[in-house]
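The chain contents come next:
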Amino acid sequence: MPRRKKYPKLRIARNMPPLHHVFPGEKYNHKNSEVLKWLSERPALIEYLFTQVSNTKDIVYNPETGQWQGADYEEGDE
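Please read all numbers here as calculations on a predicted model, not as lab measurements.

Engineer: Mind showing me how you'd approach unusual backbone geometry here?
Structural biologist: A negative phi holds for most residues other than glycine; trans holds for most peptide bonds. A positive phi is found at K57, a non-glycine position, where the angle reads about 65 degrees. Among the structural elements, K57 can be located in the loop between α2 (43–55) and β1 (59–62).

Right, dumping it as structure tokens:
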């Protein structure tokens, strides 16, 4: 089996306590996920995600406005 590339910034998740992503008997709703809440409260993980999507040009910076946006974003996509 090929070895997986390690991403040191993601290793913080190895310390996550037991949490529900979907509560028993309920349908999935990202707003209720304890896992997503825990991950979102880890600045290093959020910064890593930002770095990854900006490096791959999935989001782009507009120096005129000082804003970032999705590479395929079009007005009205919100």
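Engineer: For this particular structure, what's the right way to read α2?
Structural biologist: Counting along an α-helix, one turn takes 3.6 residues, and residues three or four places apart therefore face a common direction. In a regular helix each residue adds 1.5 Å, so 13 residues correspond to 18 Å; α2 covers 18 Å between its end C-alpha atoms and thus fits that length. Among the residues of α2, L45, Y48 and S54 are the ones counted as buried. Tucked into the core, α2 has its buried residues touching α1 (34–40), β1 and β2 (67–70). Of the residues flanking the end of α2, it is K57, one or two places downstream, whose phi is positive at about 65 degrees.

Engineer: Looking at this structure, how should I read a nonpolar patch on the surface?
Structural biologist: The grouping of V22, Y28 and L36 at the surface amounts to a nonpolar patch, some 250 Å² of accessible area in total. Mapped onto the fold, V22 is located in the segment before α1. Overall, V22 belongs to the partly exposed group, its relative accessible area being 36%.

About the criteria used
Sequence order as written defines the numbering, with residues in each chain counted from 1. Per-residue local features are limited, in this predicted model, to residues with pLDDT of at least 70; the limit for side-chain atom pairs, both in listing and counting, is 80 or more; totals at the level of whole chains, interfaces and linings are taken over all residues. Note that water and hydrogens are dropped before the side-chain values are worked out from all heavy atoms of the structure. The helix count covers DSSP runs of H or I at least four residues long, the strand count covers runs of E at least two residues long, and both are numbered beginning at the N terminus. The span you would expect from a helix comes to 1.5 Å times its residue count less one. Whether a residue is buried, partly exposed or exposed follows from its accessible area with a 1.4 Å probe, protein chains only, as a fraction of its type maximum: under 20%, in between, or over 50%, in that order. For this analysis, residues touch if any pair of their heavy atoms sits within 4.5 Å. By definition, no residue in a patch forms a salt bridge, and every one has over 30% relative accessible area; like charges are joined within 9 Å, nonpolar side chains (Val, Leu, Ile, Met, Phe, Trp, Tyr) within 5 Å. Per-residue accessibility takes into account occlusion by the displayed protein chains alone, with areas from the Shrake-Rupley method and a 1.4 Å probe. By definition, a salt bridge exists where a carboxyl oxygen of Asp or Glu is found within 4 Å of a side-chain nitrogen of Lys or Arg.

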